[in-house]
Amino acid sequence: MKKQIKTSTHLAPVAAVLVSCGDMDVSDIVTIAWCGTVNSEPPMLSISVRRSRYSYELIKKYGEFAVNLVEREQLEVLDGCGVVSGRSVDKFKKFGLTKQACGNIKAPAIAECPVSLECAVRHTVEMGTHVMFVAEIVGATAREDWTDGDKLRIPDGKLLAYVQNRYVETGKTVGTYGFTAQK
Ligand SMILES: Cc1cc2nc3c(=O)[nH]c(=O)nc-3n(C[C@H](O)[C@H](O)[C@H](O)COP(=O)(O)O)c2cc1C
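Not measured: the values here are computed from a predicted model.

Rules of the game
- Residues numbered from 1 in each chain as written.
- Predicted model: local features only at pLDDT ≥ 70, side-chain atom pairs only at ≥ 80, totals over all residues.
- Helix = DSSP H or I, 4+ residues; strand = E, 2+ residues; numbered from the N terminus.
- Rg over C-alpha atoms; globule rule 2.2 N^0.38 Å.
- Contact = placed C-beta atoms within 7 Å.
- Buried ≥ 20, exposed ≤ 12 C-beta atoms within 10 Å, placed from the backbone.
- Arc of directions from axis to C-beta.
- Pairing = 2+ DSSP bridges.
- Axes fitted to C-alpha atoms, helices over the stretch in contact; angles between N-to-C directions.
- Core = buried A, V, L, I, M, F, W, Y, C linked by C-beta atoms within 7 Å.

Q: Explain the overall build of the protein chain to me, using residue names and the numbers behind them.
A: Secondary structure summary: the protein chain contains three helices and 14 strands in total. In terms of overall size, the protein chain behaves like a compact globule, its C-alpha atoms giving a radius of gyration of 17 Å where 183 residues would be expected to give roughly 16 Å. Once the C-alpha set of the protein chain is aligned to its principal axes, its extents read approximately 55 × 45 × 35 Å. In the protein chain, 61% of the contacts between residues at least 6 apart in sequence involve partners at least 24 apart.

Here it is, written out as C-alpha coordinates:
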(Lines give C-alpha, C1' and ligand atoms only; values in the text may rest on other atoms or scores of the structure.)
Protein backbone atom coordinates (compact mmCIF):
# COMPACT_ATOMS: atom_id res chain seq x y z
CA MET A 1 0.00 0.00 0.00
CA LYS A 2 1.23 3.49 -0.80
CA LYS A 3 0.20 6.55 1.21
CA GLN A 4 -0.34 10.16 0.12
CA ILE A 5 2.78 12.30 0.30
CA LYS A 6 3.41 15.98 -0.29
CA THR A 7 3.65 16.84 -3.99
CA SER A 8 7.00 18.22 -5.13
CA THR A 9 9.62 17.74 -7.87
CA HIS A 10 9.94 14.04 -7.07
CA LEU A 11 10.96 12.83 -10.53
CA ALA A 12 14.24 10.95 -10.23
CA PRO A 13 16.89 10.25 -11.24
CA VAL A 14 17.49 13.37 -13.31
CA ALA A 15 20.60 14.55 -15.07
CA ALA A 16 22.94 16.89 -13.20
CA VAL A 17 24.90 18.90 -15.75
CA LEU A 18 27.12 21.94 -16.05
CA VAL A 19 25.70 24.59 -18.36
CA SER A 20 28.21 27.06 -19.77
CA CYS A 21 27.00 30.31 -21.30
CA GLY A 22 28.00 33.78 -22.52
CA ASP A 23 30.91 34.06 -24.93
CA MET A 24 34.66 33.44 -24.86
CA ASP A 25 35.20 36.67 -22.84
CA VAL A 26 32.12 37.04 -20.63
CA SER A 27 31.02 33.65 -19.42
CA ASP A 28 29.48 31.66 -16.60
CA ILE A 29 28.89 28.05 -15.56
CA VAL A 30 25.78 26.92 -13.68
CA THR A 31 24.85 23.53 -12.26
CA ILE A 32 21.45 22.45 -13.57
CA ALA A 33 19.35 19.47 -12.53
CA TRP A 34 16.06 20.58 -14.09
CA CYS A 35 17.11 19.44 -17.54
CA GLY A 36 15.45 17.05 -19.97
CA THR A 37 15.13 15.68 -23.48
CA VAL A 38 12.11 17.11 -25.29
CA ASN A 39 12.39 16.16 -28.98
CA SER A 40 14.25 13.74 -31.27
CA GLU A 41 14.23 15.40 -34.73
CA PRO A 42 15.61 17.98 -34.43
CA PRO A 43 17.28 16.94 -31.18
CA MET A 44 16.09 19.27 -28.44
CA LEU A 45 16.46 19.59 -24.69
CA SER A 46 15.23 21.92 -21.99
CA ILE A 47 16.81 23.53 -18.97
CA SER A 48 14.90 25.42 -16.28
CA VAL A 49 16.70 28.35 -14.72
CA ARG A 50 15.64 30.77 -11.98
CA ARG A 51 15.49 34.42 -13.03
CA SER A 52 17.85 35.35 -10.18
CA ARG A 53 20.80 33.42 -11.67
CA TYR A 54 23.62 35.26 -13.44
CA SER A 55 23.55 32.46 -16.01
CA TYR A 56 19.88 33.28 -16.70
CA GLU A 57 20.92 36.80 -17.76
CA LEU A 58 23.57 35.46 -20.13
CA ILE A 59 21.36 32.76 -21.67
CA LYS A 60 18.58 35.30 -22.18
CA LYS A 61 21.01 37.74 -23.80
CA TYR A 62 22.85 35.31 -26.10
CA GLY A 63 20.09 32.76 -26.78
CA GLU A 64 22.69 29.99 -26.59
CA PHE A 65 24.39 27.73 -24.07
CA ALA A 66 26.32 24.47 -23.82
CA VAL A 67 25.23 21.49 -21.75
CA ASN A 68 28.31 19.66 -20.45
CA LEU A 69 27.89 16.13 -19.11
CA VAL A 70 29.81 15.46 -15.94
CA GLU A 71 31.76 12.35 -14.98
CA ARG A 72 32.24 10.84 -11.54
CA GLU A 73 35.62 12.54 -10.99
CA GLN A 74 34.04 15.98 -11.46
CA LEU A 75 31.67 15.76 -8.49
CA GLU A 76 33.23 18.69 -6.64
CA VAL A 77 33.04 20.97 -9.67
CA LEU A 78 29.42 19.95 -10.23
CA ASP A 79 28.46 20.92 -6.70
CA GLY A 80 30.78 23.94 -6.57
CA CYS A 81 29.29 25.58 -9.67
CA GLY A 82 25.89 25.25 -8.01
CA VAL A 83 26.68 27.09 -4.79
CA VAL A 84 28.48 30.24 -5.98
CA SER A 85 27.34 32.85 -8.47
CA GLY A 86 29.20 34.01 -11.54
CA ARG A 87 28.37 37.53 -10.41
CA SER A 88 31.05 37.28 -7.74
CA VAL A 89 33.47 34.72 -9.15
CA ASP A 90 34.82 33.49 -12.49
CA LYS A 91 33.95 29.79 -12.20
CA PHE A 92 36.26 28.75 -15.06
CA LYS A 93 39.17 30.20 -13.05
CA LYS A 94 37.99 29.10 -9.62
CA PHE A 95 37.59 25.46 -10.66
CA GLY A 96 40.58 25.33 -13.04
CA LEU A 97 38.41 24.74 -16.10
CA THR A 98 39.28 25.53 -19.71
CA LYS A 99 37.04 27.34 -22.18
CA GLN A 100 36.66 25.36 -25.37
CA ALA A 101 35.41 27.28 -28.41
CA CYS A 102 32.29 25.74 -29.93
CA GLY A 103 31.79 25.36 -33.65
CA ASN A 104 28.12 26.33 -33.69
CA ILE A 105 27.50 28.74 -30.80
CA LYS A 106 29.33 31.65 -29.17
CA ALA A 107 29.21 30.12 -25.68
CA PRO A 108 32.31 28.24 -24.55
CA ALA A 109 32.08 24.55 -23.72
CA ILE A 110 34.03 23.10 -20.78
CA ALA A 111 37.06 21.26 -22.19
CA GLU A 112 37.40 18.98 -19.13
CA CYS A 113 33.85 17.58 -19.47
CA PRO A 114 33.59 14.41 -21.57
CA VAL A 115 30.58 15.57 -23.62
CA SER A 116 29.37 19.03 -24.65
CA LEU A 117 26.07 19.75 -26.38
CA GLU A 118 25.88 23.08 -28.20
CA CYS A 119 22.38 24.49 -27.78
CA ALA A 120 20.44 27.29 -29.50
CA VAL A 121 17.32 28.51 -27.69
CA ARG A 122 14.12 28.05 -29.74
CA HIS A 123 11.47 28.69 -27.08
CA THR A 124 11.46 30.50 -23.75
CA VAL A 125 8.66 29.40 -21.46
CA GLU A 126 7.86 31.33 -18.29
CA MET A 127 7.02 28.81 -15.59
CA GLY A 128 6.44 29.67 -11.91
CA THR A 129 9.78 29.82 -10.14
CA HIS A 130 11.84 28.98 -13.24
CA VAL A 131 12.12 29.94 -16.90
CA MET A 132 12.40 26.96 -19.22
CA PHE A 133 14.70 27.34 -22.20
CA VAL A 134 13.82 24.83 -24.90
CA ALA A 135 16.81 24.53 -27.19
CA GLU A 136 17.94 22.70 -30.30
CA ILE A 137 21.20 20.76 -30.04
CA VAL A 138 23.05 22.22 -33.03
CA GLY A 139 26.42 20.60 -32.37
CA ALA A 140 27.97 17.99 -30.11
CA THR A 141 31.51 17.03 -29.14
CA ALA A 142 32.72 14.08 -27.07
CA ARG A 143 36.00 12.71 -25.80
CA GLU A 144 37.30 9.70 -27.74
CA ASP A 145 36.73 7.24 -24.87
CA TRP A 146 33.05 8.29 -24.71
CA THR A 147 32.41 7.51 -28.37
CA ASP A 148 31.88 4.63 -30.76
CA GLY A 149 32.75 6.01 -34.19
CA ASP A 150 30.84 9.27 -34.51
CA LYS A 151 28.24 8.16 -31.94
CA LEU A 152 28.16 8.94 -28.24
CA ARG A 153 28.77 5.90 -26.05
CA ILE A 154 28.60 6.69 -22.35
CA PRO A 155 30.75 4.24 -20.39
CA ASP A 156 29.02 2.27 -17.63
CA GLY A 157 29.19 3.85 -14.21
CA LYS A 158 30.87 7.07 -15.33
CA LEU A 159 27.94 9.47 -15.37
CA LEU A 160 26.56 11.20 -12.30
CA ALA A 161 22.85 11.62 -11.66
CA TYR A 162 20.81 13.54 -9.11
CA VAL A 163 18.25 11.93 -6.80
CA GLN A 164 16.49 14.40 -4.47
CA ASN A 165 19.47 16.22 -2.94
CA ARG A 166 21.96 13.39 -3.52
CA TYR A 167 24.50 12.85 -6.24
CA VAL A 168 24.51 9.21 -7.32
CA GLU A 169 26.72 7.17 -9.59
CA THR A 170 25.04 5.50 -12.53
CA GLY A 171 25.65 1.77 -12.40
CA LYS A 172 26.13 -1.13 -14.74
CA THR A 173 23.96 -1.89 -17.78
CA VAL A 174 21.13 -4.31 -16.92
CA GLY A 175 19.31 -4.32 -20.27
CA THR A 176 19.12 -2.54 -23.61
CA TYR A 177 16.26 -0.81 -25.46
CA GLY A 178 13.69 -3.32 -26.74
CA PHE A 179 15.39 -6.38 -25.27
CA THR A 180 12.03 -7.83 -24.21
CA ALA A 181 10.82 -7.88 -27.82
CA GLN A 182 13.80 -10.02 -28.83
CA LYS A 183 12.98 -12.84 -26.42
C1 LIG B 1 22.81 19.86 -7.86
C2 LIG B 1 22.31 21.23 -8.18
C3 LIG B 1 21.31 21.40 -9.11
C4 LIG B 1 20.82 22.67 -9.44
N5 LIG B 1 19.84 22.79 -10.38
C6 LIG B 1 19.40 24.03 -10.72
C7 LIG B 1 18.41 24.17 -11.74
O8 LIG B 1 17.96 23.21 -12.36
N9 LIG B 1 17.98 25.43 -12.02
C10 LIG B 1 18.47 26.53 -11.37
O11 LIG B 1 18.04 27.67 -11.67
N12 LIG B 1 19.41 26.42 -10.41
C13 LIG B 1 19.89 25.20 -10.07
N14 LIG B 1 20.85 25.06 -9.11
C15 LIG B 1 21.36 26.25 -8.43
C16 LIG B 1 22.39 27.03 -9.25
O17 LIG B 1 23.34 26.16 -9.82
C18 LIG B 1 23.11 28.03 -8.30
O19 LIG B 1 22.19 28.94 -7.78
C20 LIG B 1 24.27 28.76 -8.97
O21 LIG B 1 25.09 29.27 -7.95
C22 LIG B 1 23.82 29.88 -9.88
O23 LIG B 1 24.97 30.43 -10.45
P24 LIG B 1 24.94 31.72 -11.37
O25 LIG B 1 24.42 32.89 -10.54
O26 LIG B 1 26.39 31.92 -11.77
O27 LIG B 1 24.06 31.45 -12.53
C28 LIG B 1 21.36 23.80 -8.79
C29 LIG B 1 22.39 23.65 -7.85
C30 LIG B 1 22.87 22.38 -7.55
C31 LIG B 1 23.99 22.23 -6.56
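Q: Tell me what's going on with helix α1 (residues 54–62), and back it up with residues and numbers.
A: What α1 keeps buried is the set Ser55, Leu58 and Ile59. For α1, the buried positions fall inside an angular range of 95 degrees around the axis, keeping them on one side. In the core, the buried residues of α1 are packed alongside β2 (17–22), β3 (27–32), β5 (44–50), β6 (64–69), β9 (115–126) and β10 (130–142). Immediately downstream of α1, the backbone of Gly63 shows phi near 70 degrees, a positive value.

Q: I'd like a description of the sheet that holds β9, backed by residues and values.
A: Here we have seven strands laid out as an open sheet, ordered β3-β2-β6-β9-β10-β5-β4, and antiparallel in their pairing. The sheet is open, and its two borders are formed by β3 and β4 (35–39), each paired with just one other strand. For this sheet, the mean angle separating the axes of adjacent strands, direction not counted, is 35 degrees. Here β9 pairs with β10 via 11 bridges, running antiparallel. Residue pairing for β10: Ala120 is matched across the bridge by Glu136. Docked against the sheet, α1 engages β2, β3, β5, β6, β9 and β10, running at close to 55 degrees with respect to β2.

Q: Residue-level account of the nonpolar core, with values.
A: Val17, Leu18, Val19, Ala66 and Val70 are the most contacted members of the largest nonpolar core, which totals 36 residues. Once residues lying within four places of it in the same chain are set aside, the contact partners of Leu18 are Ile29, Thr31, Asn68, Val70, Leu78, Cys81, Ile110 and Cys113.

Q: Requested: an account of the environment of Ala120, with residues and values cited.
A: With respect to the helices and strands, the residue Ala120 is situated in strand β9. Given 19 C-beta atoms within 10 Å, Ala120 falls into the partly exposed group. Along the backbone, Ala120 and Phe65 are 55 residues apart, and their C-alpha atoms lie at a distance of 6.7 Å. Residues in contact with Ala120, not counting those within four places in the same chain, are Gly63, Glu64, Ile105, Ala135, Glu136 and Val138.

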